[in-house]
Every structure is written in structure tokens, then in C-alpha cells.
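Results of the structural survey
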Amino acid sequence: EPEVTQTPSHQVTQMGQEVILRCVPISNHLYFYWYRQILGQKVEFLVSFYNNEISEKSEIFDDQFSVERPDGSNFTLKIRSTKLEDSAMYFCASQGGEKLFFGSGTQLSVL
Amino acid sequence: DQQVKQNSPSLSVQEGRISILNCDYTNSMFDYFLWYKKYPAEGPTFLISISSIKDKNEDGRFTVFLNKSAKHLSLHIVPSQPGDSAVYFCAAKGNFGNEKLTFGTGTRLTIIP
């Protein structure tokens, strides 16, 4: 069964450093998303992406965040200068029909 | 702004009995509702969904009920099995194709053998 894959599974970084989280969505899907979950809290929407541009973004998705689909298969989330409060599990998702299919996440720890 | 609420953070149910997880929403523009199951260190996994034109959808041991007038939905699992122990998220979206999902805070279900 096709699945969304995310790398790395864990990322530890120093505050102020740039990180890039990578995702390979399901191949015939057209809509892609990033969500995050801070420990103990709900899953929060960050950004949606379609046709090589952002469709919608949340208040969390400020100028420090960017997304890209550089080569037609990978979908990346970049955090330019990480803050302590960026520590969370980041989930990539792609949409098939009405359903979102999620990857297993990248646990980002900012020290 | 909690548009999707799951008021029970945890629920314990004996194996073999029925588990009922509840979800309330406030946004009347929500048109499609989904339940996801999440194990630790894994992504949410789609479980079952329901469109606003229906009031019930069943898939094996899982049934979702929707009460639009009350803006309430519930997930019934019967019979409950130990492998059902996980966090369950209710999610909702509007009727545009790529509209984002809005998640509830989750209910941790523990099935007691």
C-alpha cells in the first residue's frame, strides 16, 4: 500500500539553526500538507500546497517557514532560524479523495 | 479557537465492550468528518469518515454517527480489542476539495484486557 514517507525521524538542532524536513507524498496525490503536534497538544495545521504554490497557511507559518517541491517527488518544510517553541512532531500529509494520509512524522527538538 | 472539541481526554473500556468516543464542533461550514487513530511516535492513521449528508457510516467494528443539528459526532467501536488502545482524533473539513482538516485534541482510549 502506498504511503507517505518522512525523513529524518528525529532531528536535534540548536536554536537559530536552519532545518529542513523532508517528505515523499503518495505519488498520484496533488494536495500536500504540513501539520505539527506539540507534546500533549492537538495536531495543528501549518500549510497546504497545490500546483507548486501555497494554498493556505496558518498563523504559525510565519516568515521563518517555507515549503518547496523541488523535484516533483519530494516536499520539504524549511525552518530558517529555529526557536525553542518549534520543538514538536511534524507530520507531512497528502490527500487522496477526501482523506489525508499522514507520514510517521519527524520529531524536531530545538535546544 | 477550538472549532473541534473532544471533551474526554481519556477513556478506559473493558475488552469486548463498546467504546464510544465523542466529538463536538462549532463551525457549521464543516461538511466532512473523519476519525484518525494515532499510536505513539507514528502519524495519524485514517479510520473512518462521514459526509454531512449521512447520519451513520459503518465499517466493520467501527461506526460513526453524525448529529448535524447538535453538531456532534461519535465513534463506536464494538467489540473493543486491546489493539484499539491509541489516541483517537476527530477531524473536520469544509466542502472545498483541498480544505485543511481541523483536529480535535484527541481522546486516549485504553482497552483493559
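Residues numbered from 1 in each chain as written. Chains lettered and ligands numbered in written order. Predicted model: local features only at pLDDT ≥ 70, side-chain atom pairs only at ≥ 80, totals over all residues. Heavy atoms only, no water.

The next thing to look at is the overall build of chain B. Each helix and strand in chain B was counted, giving zero helices and eleven strands. Reading the helices (α) and strands (β) of chain B from amino to carboxyl end gives β-β-β-β-β-β-β-β-β-β-β. Here chain B has a C-alpha radius of gyration of 13 Å; the compact-globule value for 113 residues is 13 Å, and the two agree. Seen along its three principal axes, the alpha-carbon backbone of chain B occupies a region of about 40 × 30 × 20 Å. Out of the 113 residues in chain B, the part that is buried amounts to 46%. Measuring between centres, the 12 positive side-chain charges of chain B sit 2 Å from its 10 negative side-chain charges. (Helix = DSSP H or I, 4+ residues; strand = E, 2+ residues; numbered from the N terminus. Rg over C-alpha atoms; globule rule 2.2 N^0.38 Å. Buried < 20%, exposed > 50% of the residue type's maximum accessible area, 1.4 Å probe, protein only. Lys, Arg positive; Asp, Glu negative; His and termini not counted. Charge placed at Lys NZ, Arg CZ, Asp CG, Glu CD.)

Take the overall build of chain A next. Looking only at helices and strands, chain A features zero helices and eleven strands. Its helices and strands taken in sequence order, chain A reads β-β-β-β-β-β-β-β-β-β-β from the N to the C terminus. Compactness check: chain A gives a C-alpha radius of gyration of 13 Å against a globular reference of 13 Å for 111 residues, within 12% of the reference. Referenced to the eigenvectors of the C-alpha coordinate spread, the extents of chain A come out at roughly 40 × 25 × 25 Å. Looking at chain A as a whole, 42% of its 111 residues qualify as buried. The contacts in chain A between residues at least 6 apart in sequence include a share of 52% that link residues at least 24 apart. Here chain A has roughly 5700 Å² of accessible surface; of this, 46% comes from carbon and sulfur atoms. Seen as two clouds, the 9 positive and the 14 negative side-chain charges of chain A have centres 2 Å apart. (Contact = heavy atoms within 4.5 Å. Areas by Shrake-Rupley, 256 points an atom, 1.4 Å probe, with all protein chains shown as cover.)

Within a sheet, adjacent strands bond to each other through the backbone by hydrogen bonds, running parallel or antiparallel. All names here are of chain A. Strand order in the open sheet formed by four strands is β1-β3-β8-β7, with antiparallel pairing between adjacent strands. Each having just a single partner strand, β1 (5-7) and β7 (65-68) make up the two edges of the open sheet. Adjacent strand axes in the sheet meet at a mean angle of 20 degrees, parallel and antiparallel pairs treated alike. Both β1 and strand β3 (residues 19-24) contribute to a ladder of three bridges, which runs antiparallel. (Pairing = 2+ DSSP bridges. Axes fitted to C-alpha atoms, helices over the stretch in contact; angles between N-to-C directions.)

Residue and element names in this part refer to chain B. Here Thr107 shows up in strand β11 (residues 107-112). For Thr107, a relative accessible area of 3% puts it in the buried group. Dropping the residues within four chain positions of it, Thr107 is found in contact with Gln6, Ser8, Pro9, Ser10, Leu11, Leu21, Ala86, Val87 and Tyr88.

As a further point, take the interface of chain B and chain A. Between chain B and chain A, the contact holds 20 residues from the first and 18 residues from the second. Between chain B and chain A the total buried area reaches about 1700 Å² when both faces are included, carbon and sulfur atoms providing 60% of it. In this assembly, chain B and chain A are joined by two salt bridges. Here Lys93 of chain B and Glu98 of chain A are joined by a salt bridge, their closest N and O atoms 2.7 Å apart. The interface formed by chain B and chain A holds four residue pairs in polar contact (both at pLDDT 80 or more) in total. For the side of chain B that touches chain A, the secondary structure elements donating two or more residues are β4 (32-38) and β9 (86-93) of chain B. Counting residues per element, the side of chain B that touches chain A draws most heavily on β4 of chain B, at four residues. Residues belonging to the side of chain B that touches chain A are distributed by class as follows: nine nonpolar, five polar and six charged. (Buried area = accessible area lost by both parts, 1.4 Å probe. Salt bridge = Lys/Arg side-chain N within 4 Å of Asp/Glu carboxyl O. Polar contact = N/O pair within 3.5 Å; in protein donor to acceptor, adjacent residues only side chain to side chain. Nonpolar A, V, L, I, M, F, W, Y, C, P; charged D, E, K, R; others polar.)

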